[in-house]
Amino acid sequence: MASVKLTDVKKVYDNKVTAVHDFNLEIQDKEFIVFVGPSGCGKSTTLRMIAGLEDISGGTLEIDGQVVNDLQPKDRDIAMVFQNYALYPHMTVYDNIAFSLRLKKVPEDEVYERVTNAAQILGITEYLTRKPRALSGGQRQRVAIGRAMVRNAKVFLMDEPLSNLDAKLRNQMRAEIIQLRQKLETTFIYVTHDQTEAMTLGDRIVIMRDGIIEQVGTPQEVFDTPVNLFVAGFIGSPQMNFLKASLIRTGDSFSVSLLGVNLALNPDQNEVLTRKGIGSQEVILGIRPEHTAVLFEPDQNAIECTIDVYEMMGSELHLHLTDQNSDRIIVRLPTIDLTREQRQHLSFGNRLFISFPAKVMHLFDPETEKSLIDG
Amino acid sequence: MSEATAKRHMGLRASRAVSNTFIHVLLIVISIIWLIPFVCIVLQSFRVENTGPVGYIIPHQWGTDNYTRLFQTDFPRWYTNTFIAALVTAVLQTVIVLCMSYTLSRFRFKMRQPLMRFMLILGMFPGMLTMIILYRVLKDLGLTQANAVPGLILVYVASSGMGYYVSKGFFDTIPMSLDEAARVDGATRAKILYKIILPLSKPIVIYTVLTAFMGPWGDYVFARYIAFGTSAGKNVAVGLYDWLNKDQISNSYTMFCAGGVLVALPVTILFLFLQKYYVEGVTGGAVKG
Ligand SMILES: Nc1ncnc2c1ncn2[C@@H]1O[C@H](COP(=O)(O)OP(=O)(O)OP(=O)(O)O)[C@@H](O)[C@H]1O
Ligand SMILES: [Mg+2]
């Protein structure tokens, strides 16, 4: 139940590693923010600075408008779920969950009420008398969440809470976190390196690389309009395809030329490029696997490819293709409309044609890696 | 199972049985050798026909005279001295050692590494080296002779911070994230030590208490120096040992044995109760409790 504001927050570790560079972010009350990025990009560091477990080397951190840089974790009124759960091994599940309440000298009958209530929501009532050692990974995770839940803290921090669980349990817990979030109505900051988790959970996603924020936006925004190559490649699975191409300007209209094919851009894109004063140049063309159409016959606007690998995913196929420049392209092809002949055609070495409309094209500058159209 | 493997199994089992028996016999022999002095002392303490050293072990006449006589000497005073010194030292030293270990294990501060190295090196000097200067200092403070007990406590406790190795090693095996979780949950550092770390380190706490108690309880050299011939300031080791000099031995040897038994008593009881933890504590770093 609080807003969090980070202004130029910076972290330099003792060994002179700068883990986080000038981090600027304003998190609204009751918002669910996800920090996502590859390993070592500074997600945990940022989260731990918010929690007060790491000193802030520069900048200011505000919770509810109050600067908390120098406050101890216990005075910040935040709850945190750790990646390795960090349950107190010598205490029962009940005592684990009650620990923070007892420190606050909450009367014992209220402690009882809040603990049993949280246990009920999380479905761990029958384990309350057990020690953490006697619980499975998923149950421990619930206890860890319960421990954070009873606090009614201003901000709820989670550092890769699902990464120690197997795939199935992870999906289940993810759904439960979404439900929990609706019940708790508090501000969430969630760290993960899994873009699926980020997309499904976040109101807004913060994509980080090497201690720098690359993009902040809703899942839809970062998916539709990635501002640079990194974000484009990071969000979405399978990854976006990147092809070398040339942007050609004729008057105020643009087209992309690659592999002997010339694709005209749409009026909106023309307008943006004209406004930015971009001329003819080399570009990197980005196309999502789900945005390509697969043709079995040649077409003047389609690129010719050969099939390398063919992956059956059930409702769709993932085709790994190679174009004439030896760029690798992955496309997703729904199986439902395929005829028998077409299915037979889909095997190693056969030719295939792909095309895509202008509106799904992402163009990036090869030098700056920034998007020419988006952002 | 084929016959050959069956045979091999039998062979293995037989050879294991042989080596087990051998080990047990060896251990029994060692423990007998180790126990003989204790048994002798206990037996001697109940001997009443002769108060000096004799050439046999089993008393001819049994009785508790030695113990009654013991309580007419200064022995109770020495015993109290030792007990107070050991108890106070045990409490203070345990607190200091545990706080020190927690600090060195959990906090990262500028001079941490140099401090640890410095203490390691300092610890290598034999304590005896400081004896003379310590005596002077304590004498100036008026903490020698009849006032030896507070002086001794001061000496015992003063360097206790350096005995942090074992407990710090154990604390290091407790994940840092437990501290962090507790800090987020609203605990102060002291509460974390008290409510999280110590309950998880019971063996080490007990080990620390026991070693802190045992040092003063069996100390001779410092105690002798600081008491400096004043009977009221002696501890048991010094007092009892003085009975073994040429003039007194024939009169007080059996009393010495009785005193020895009484000195061993509380420690033995403590160990019997706490031995489970003690063993865990000594092997602490390797096997997490
Ligand atoms: N205590 C530390 N001392 C020095 N450098 C550190 C420390 N902790 C982290 N770093 C460095 O800071 C950078 C960011 O680390 P951080 O743990 O925040 O990454 P992360 O994004 O959480 O990665 P992961 O997904 O692997 O958890 C890394 O390069 C790491 O090596
Ligand atoms: Mg991390």
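Procedures and definitions
Residues numbered from 1 in each chain as written. Chains lettered and ligands numbered in written order. Predicted model: local features only at pLDDT ≥ 70, side-chain atom pairs only at ≥ 80, totals over all residues. Heavy atoms only, no water. Pairing = 2+ DSSP bridges. Helix = DSSP H or I, 4+ residues; strand = E, 2+ residues; numbered from the N terminus. Axes fitted to C-alpha atoms, helices over the stretch in contact; angles between N-to-C directions. Contact = heavy atoms within 4.5 Å. Buried area = accessible area lost by both parts, 1.4 Å probe. Salt bridge = Lys/Arg side-chain N within 4 Å of Asp/Glu carboxyl O. Core = buried A, V, L, I, M, F, W, Y, C linked by side-chain atoms within 4.5 Å. Buried < 20%, exposed > 50% of the residue type's maximum accessible area, 1.4 Å probe, protein only. Phe/Tyr/Trp six-rings, centres within 6.5 Å; stacked < 30°, edge-to-face > 60°. Lys NZ or Arg CZ within 6 Å of the ring centre and 35° of its normal. Near = heavy atom within 4 Å. Polar contact = N/O pair within 3.5 Å; in protein donor to acceptor, adjacent residues only side chain to side chain. Areas by Shrake-Rupley, 256 points an atom, 1.4 Å probe, with all protein chains shown as cover. Nonpolar A, V, L, I, M, F, W, Y, C, P; charged D, E, K, R; others polar. Parallel < 35°, antiparallel > 145°, perpendicular 65-115°, else oblique. Domains from an automatic or database assignment. Patch = residues over 30% accessible without salt bridge, like charges linked within 9 Å, V, L, I, M, F, W, Y side chains within 5 Å.

Student: An account of the sheet that holds strand E8 (residues 187–192) of chain A is requested, with residue identities and associated values reported.
Tutor: Residue and element names in this part refer to chain A. Strand order in the open sheet formed by six strands is E6-E7-E8-E3-E9-E10, with mixed pairing between adjacent strands. Strands at the two margins of the open sheet, each flanked by one partner only, are strand E6 (78–81) and strand E10 (212–217). The average angle at which neighbouring strand axes cross in this sheet is 15°, direction not considered. Here strand E3 (residues 32–36) runs beside E8; their pairing, made up of five bridges, is parallel. Within the sheet, the bridge partner assigned to Val34 lies in E8 and is Tyr190. With respect to the sheet, helix H4 (residues 137–149) is in contact with E6 and strand E7 (155–159), its orientation differing from that of E6 by roughly 175°. Its contacts with the sheet place helix H5 (residues 167–184) against E3, E7 and E8, and it is angled at close to 160° to E8.

Student: Provide a residue-level description of the interface of chain B and chain A, including the pertinent values.
Tutor: Taken together, the 16 residues of chain B in the interface contact 22 residues of chain A. Here chain B and chain A share an interface that buries about 1700 Å² over both sides, 64% of which is from carbon and sulfur atoms. Summed over the shared surface of chain B and chain A, the result is three salt bridges. Between Arg48(A) and Glu180(B) there is a salt bridge, and its shortest N-O distance comes to 2.8 Å.

Student: Which residues make up the nonpolar core, and what values do they have?
Tutor: Core analysis: the largest hydrophobic core is formed by 52 residues, its most contacted members being Leu6(A), Phe23(A), Phe35(A), Leu157(A), Ile189(A) and Ile196(B). Ignoring any residue separated from it by four or fewer positions in sequence, one finds Leu157(A) in contact with Leu47(A), Ile50(A), Ala51(A), Ile78(A), Ala79(A), Met80(A), Val81(A) and Ile189(A). Among the nonpolar cores identified, the runner-up in size contains 48 residues, and Phe32(A), Val111(A), Tyr127(A) and Leu165(A) belong to it.

Student: How would you sum up the sheet that holds strand E15 (residues 293–295) of chain A? Please name residues and give values.
Tutor: Residues and elements named next belong to chain A. Taken together, the five strands give an open sheet; going across it, the order is E15-E19-E16-E17-E18, and neighbouring strands pair in antiparallel fashion. Edge strands, defined here as strands with exactly one partner in the open sheet, are E15 and strand E18 (328–334). The sheet shows a mean angle of 45° between the axes of neighbouring strands, taken without regard to direction.

Student: So what's going on with the packing of aromatic side chains? Residues and values would help.
Tutor: Under the criterion given, the structure shown has 23 aromatic pairs over all chains. Ring geometry for Phe32(A) and Phe188(A): centres 4.9 Å apart, planes at 5°, overall stacked. In this pair, Phe32(A) sits in strand E3 while Phe188(A) sits in strand E8, placing the two residues 156 residues apart along the sequence. The exposure class of Phe188(A) is buried, given its relative accessible area of 0%. On the numbers, 5.3 Å between centres and 65° between planes, the contact of Tyr220(B) with Tyr241(B) is edge-to-face. In this pair, Tyr220(B) sits in the loop between helix H10 (202–218) and helix H11 (221–227) while Tyr241(B) sits in helix H12 (residues 236–242), placing the two residues 21 residues apart along the sequence. Take Tyr220(B): its relative accessible area is 26%, and that puts it in the partly exposed class. A cation over an aromatic ring shows up here: Arg147(A) above the ring of Tyr88(A), its NZ or CZ 4.6 Å from the ring centre.

Student: Which residues make up the site of ligand 1, and what are the values?
Tutor: Residues and elements named next belong to chain A. Within the structure, ligand 1 sits among Tyr13, Asn15, Ala19, Ser39, Gly40, Cys41, Gly42, Lys43, Ser44, Thr45 and Glu160. The separation between a nitrogen atom of ligand 1 and a polar side-chain atom of Tyr13 is 3.3 Å. For ligand 1, whose free accessible area comes to 630 Å², the fraction covered by protein is 62%. Per-element tally for the shell around ligand 1: the top contributor is helix H1 (residues 43–51), with three residues. Of the residues contributing to the shell around ligand 1, the split by class is three nonpolar, six polar and two charged.

Student: Describe in detail the packing of helix H3 (residues 75–106) of chain B against helix H9 (residues 189–200) of chain B, supporting the description with residues and values.
Tutor: All names here are of chain B. Where H3 contacts H9, the axes come no closer than 12 Å and their chain directions differ by 100°. The angle between the axes of H3 and H9 places the two elements in the roughly perpendicular class. Two secondary-structure elements touch here, H3 through Leu98, Cys99, Tyr102 and Arg106 and H9 through Arg189, Ile192, Leu193, Ile197 and Leu198. For the contact of H3 with H9, a count of residues per class yields seven nonpolar, no polar and two charged.

Student: Hey, could you go over the domain arrangement of chain A for me, with residue numbers and the actual values?
Tutor: Residue and element names in this part refer to chain A. Taken domain by domain, chain A consists of domain 1 (4–233), domain 2 (239–288 + 359–375) and domain 3 (293–355). Between the C-alpha centres of domain 1 and domain 2 the distance comes to 39 Å. Across the contact, eleven residues belong to domain 1 and twelve residues belong to domain 2. Carbon and sulfur atoms make up 62% of the surface buried where domain 1 meets domain 2, a total of about 950 Å² over both sides. Sorting the residues of domain 1 by area buried against domain 2 places Val227, Leu229 and Ala232 first, and these three jointly supply 49% of that buried surface. At the surface where domain 1 touches domain 2, the tally comes to zero salt bridges. Across the domain 1-domain 2 interface, the total number found is four residue pairs in polar contact (both at pLDDT 80 or more).

Student: Which residues make up the pattern of salt bridges, and what values do they have?
Tutor: Overall, the coordinates contain 25 salt bridges over all chains when judged by the stated rule. Residue Glu176(A) is joined to Arg142(A) by a salt bridge in which the shortest nitrogen-to-oxygen separation is 3.1 Å. Here Glu176(A), found in helix H5, pairs with Arg142(A), found in helix H4; they are 34 residues apart in sequence, far enough to count as distant. Residue classification places Glu176(A) among the partly exposed residues on the basis of a relative accessible area of 22%. You can call Arg142(A) buried: its relative accessible area is 12%. Among the ionic contacts, a cluster of salt bridges with common partners joins Lys11(A), Arg48(A), Glu54(A) and Glu180(B).

Student: Before we move on, can you summarise unusual backbone geometry with the specific residues and values?
Tutor: Residues and elements named next belong to chain A. A cis amide bond, omega -5°, links Ser237 with the succeeding residue Pro238. When you line up the elements, Pro238 lands in the loop between helix H8 (229–234) and strand E11 (241–250). One non-glycine residue, Asn152, lies in positive phi territory at about 50°. Here Asn152 lies in the loop between H4 and E7.

Student: Let's hear about a nonpolar patch on the surface: which residues, and what values?
Tutor: Residue and element names in this part refer to chain B. A surface patch of nonpolar side chains, amounting to about 1200 Å² of accessible area, comprises Phe109, Met111, Leu115, Phe118, Leu120, Ile121, Leu122, Met124, Phe125, Leu129, Tyr165 and Val166. For the nonpolar patch, the element with the most residues is helix H4 (residues 112–124), which contributes six residues. With respect to the secondary-structure elements, Val166 resides in helix H7 (residues 165–172).

Student: Explain the side chain of Asn241(A) residue by residue, including any values.
Tutor: Residue and element names in this part refer to chain A. Assignment of secondary structure puts Asn241 in strand E11. Among the residues examined, Asn241 registers a relative accessible area of 4% and is labelled buried. Among the polar contacts listed, one links the side chain of Asn241 to the backbone nitrogen of Ile330, at a separation of 2.7 Å. Setting aside chain neighbours within four positions, we find Asn241 in contact with Leu285, Gly286, Ile287, Arg288, Pro289, Arg328, Ile329 and Ile330.

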